[in-house]
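Residues per chain are reported as follows:
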Amino acid sequence: MEQIQYKKVEVNVMAMDITGRKLFVKALLEEGVDTVFAYPGGMVTDILDELYKHEEIELVLPRHEQGLIHEAEGYAKASGKVGVCIVTSGPGATNIITGLADAHYDNIPLVCITGQVPRNLIGNDAFQEVDIVGMTRSITKYGVTVQDRKELGKTLKMAFHIAKTGKPGPVLIDLPKDIQTGLGPALYPESVSIRGYKPNESVHVGQLKKGYKLLKSAKKPLFLIGGGVNIARANAKMLQLVEQTKVPVVTTVMGKGAIPTNHPYYIGNSGMHGKYAANIAVGQCDVLFSIGTRFNDRITGDLNEFAPNAQIVHVDIDTAAISRNVVVDVPIVADANLALEKLLEWAEPQETEGWLEQIREWDKESPLEMRRDKGMTPQMIMEHINSQFSEGIIVTDVGQHQMWAAQYIELDGNKQFITSGGLGTMGFGFPAAIGAKIACPEKPVVCISGDGGMQMNLQEFATAMAQGANVIVCVLNNYYLGMVRQMQQLFYGKRYKATCLRRRKGCPNDCKGPGASCPPYEPDFVKLAESYGACGMRVEKEEEIGPAFEKAKAMDTPVLIEFMVATEEIVLPMVKGGNPMTEMILK
């Protein structure tokens, strides 16, 4: 009798155990994950087989792992959720490294699952075995290879918690195949306490009061707003603070959209390609109250000449970011939402009209404007996007077009701006736009790309078609890798090496620019889009821009519009690297 009872108990205990792959899918469901970006391979087939049984989780099959992780980034940025991706071991894992770095620098919450060879083969140079955790340690918030099936539930809970709390970022969980198939506890914890990881969930009121007193006493106060406000989705509070204090605002590229760009207190972007008035205002202000920016070199230029007349207040969620690049007078470690909430309790109107009038005079002195007497310009394209899309998501790739978009695209509470800022990843734009469209299918999504960046992840047209992700892609084609070509034009004696995308083996080595004898451009973007079943159009004149967008909006497929932009168009203003931000090239 005792033996029978023992067997019954043993059977019950075994019934409580489940495979690692079942617990993995259970974790996704518990975390509210509804979309997973995955590319198959031998070391993740068990996970995919388990996902096959769950229709409530949509599995997106990209065409390359780099496209996959950028799609997960776009999804996370657009939705505010954690982006989840799955890749196999070896090349599958190494192909996502660029995306992990991009998410790390732009604080995008991702949970990336990499398959791994069984534990008994790790360290034996097995087929498709790499130490992906070691390779990515410096570009992930947390990375670990699961070594014990009993720890799987806790590890997955930690991954989601770390990715989305504090300063968001990517987390990598390396999952050996035998952990996926092995039996273990079915428990997925509701919460987790991690020793050594305590994200700041408060604000030092004394420090914040000290910073606000400085702002209130200033004659020429200025807000410098970075991407942290957009990441915290604290835009409404930021706008309220600006209107209560009447203090003007400049933004970084990542901070664009923190308040509406048509607001009377918004000056524009500052930095290497910032607005003249914005850069001069930073140079002349007496208190610079910054929120959610790392003060990287694209914003500061020569550190000795950055905001030389100002006392600087710095609010950031990351302790390590404060006084790392720019030594500040009042450091405040806090989430943007919490800091703004407290500031709104104290905020009072300041006398800034004279200061604002001075800034407006600088704007009149050197307005942000491209010539309109030489045919279609990038500014005209951006203005049509502004007029054609009153709401939606604008996603850019990286290059000249990115800076033109940052300069001329108008944003308010109905529009979101997604770009690769910290890493500057060419090839980001198109897949990120697909991810954004998957996250927000009801919103129009416009991708602005260059002809160089567009060719880095063109294969994702197949993903867009398969998912019904009907993004509108604007390719600004100037036949060159334009941003580097611009530097060669201005600083390297027009020695255009490795930037002309029409160059052939027989071209002269000392080519100084396009001419009648240049080879044809490849590929034909219109035909390429059509080969995927998408719609392709080419625009060469200003009067064709509006009709092209009207047609694109009426299509029920992804659309690529190729805009033929003059090679000689450059992004101005521009500050040469290492120079003070007040020393701008304007013509």
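Look up: the structure comes first, before these words.
Residues numbered from 1 in each chain as written. Predicted model: local features only at pLDDT ≥ 70, side-chain atom pairs only at ≥ 80, totals over all residues. Heavy atoms only, no water.

Draft legend 1. Just the overall build of the protein, in detail. Looking only at helices and strands, one finds 24 helices and 20 strands in the protein. A compact globule built from 587 residues would reach a C-alpha radius of gyration of about 25 Å, and the protein, at 26 Å, matches this within 12%. Across the 587 residues of the protein, 57% fall into the buried class. Once the 60 positive and 68 negative side-chain charges of the protein are each reduced to a mean point, those two points are 3 Å apart. (Helix = DSSP H or I, 4+ residues; strand = E, 2+ residues; numbered from the N terminus. Rg over C-alpha atoms; globule rule 2.2 N^0.38 Å. Buried < 20%, exposed > 50% of the residue type's maximum accessible area, 1.4 Å probe, protein only. Lys, Arg positive; Asp, Glu negative; His and termini not counted. Charge placed at Lys NZ, Arg CZ, Asp CG, Glu CD.)

Draft legend 2. Fine view of the sheet that holds strand β6 (residues 142–145). On the basis of which strands lie adjacent, the open sheet formed by six strands has the order β3-β2-β4-β5-β7-β6 and parallel pairing. Bordering the open sheet on either side are β3 (58–60) and β6, each of which pairs with just one other strand. With strand direction ignored, the average angle separating the axes of adjacent strands in the sheet is 20°. Here five bridges tie strand β4 (residues 83–87) to strand β5 (residues 110–116), and the two strands are oriented parallel to one another. Within the sheet, the bridge partner assigned to G83 lies in β5 and is L110. Each of β2 (35–38), β3, β4 and β5 touches helix α4 (residues 65–79); the most contacted strand, β4, lies at about 165° to it. Helix α8 (residues 152–164) contacts β4, β5, β6 and β7 (170–176) of the sheet and is inclined by roughly 160° relative to β7. (Pairing = 2+ DSSP bridges. Axes fitted to C-alpha atoms, helices over the stretch in contact; angles between N-to-C directions. Contact = heavy atoms within 4.5 Å.)

Draft legend 3. Spatial organisation of the sheet that holds strand β16 (residues 415–418). With parallel pairing, six strands are arranged side by side in an open sheet as β16-β15-β17-β18-β20-β19. The open sheet has two edge strands, β16 and β19 (535–539), and neither has a second partner. Here the average twist between neighbouring strands, direction ignored, is 20°. Where strand β17 (residues 445–450) meets strand β18 (residues 472–477), five bridges bridge the pair, whose relative direction is parallel. Paired with G450 across the two strands is L476, which belongs to β18. Contacting β15 (392–396), β16, β17 and β18, helix α18 (residues 400–408) runs over the sheet at an angle of about 135° to β17. This element, helix α19 (residues 429–439), spans β15, β16, β17 and β18 of the sheet and lies at about 175° to β17.

Draft legend 4. Molecular detail of the pairing of strand β9 (residues 221–225). Judged by how many residues are buried, β9 sits mostly within the fold: five of five residues are covered. The pairing of β9 with strand β12 (residues 287–291) spans five bridges and is parallel. Its bridge partner lying in β12, P221 is registered against V287. Where β9 meets strand β10 (residues 249–251), three bridges bridge the pair, whose relative direction is parallel. Paired with I225 across the two strands is T251, which belongs to β10.

Draft legend 5. Representation of unusual backbone geometry in the model. The amide bond that connects E522 to the next residue, P523, takes the cis arrangement and shows omega of 5°. Here the residue pair L572 and P573 is connected by a cis peptide bond, since its omega of 0° sits within 30 degrees of zero. Its location among the elements puts P573 in the segment after β20 (559–564). In the Ramachandran plot, D125 falls in the positive-phi region, its phi being about 55° despite a non-glycine side chain.

Draft legend 6. Spatial organisation of the packing of helix α13 (residues 276–284) against helix α16 (residues 353–365). Contact geometry of α13 with α16 gives a least axis separation of 8 Å together with a crossing angle of 140°. Overall, the two elements α13 and α16 adopt an arrangement that is oblique. The two elements α13 and α16 meet at a crossing, and its hand is right-handed. Together, Y276, A277, I280, A281 and Q284 of α13 and W355, I359, W362, D363 and E365 of α16 make up the contact between the two elements. The residue makeup of the contact of α13 with α16, split by class, is seven nonpolar, one polar and two charged. (Parallel < 35°, antiparallel > 145°, perpendicular 65-115°, else oblique. Left-handed = near helix turned anticlockwise from the far one by under 90°. Nonpolar A, V, L, I, M, F, W, Y, C, P; charged D, E, K, R; others polar.)

So, to be careful, I would describe these as geometric facts and stop short of saying anything about function.
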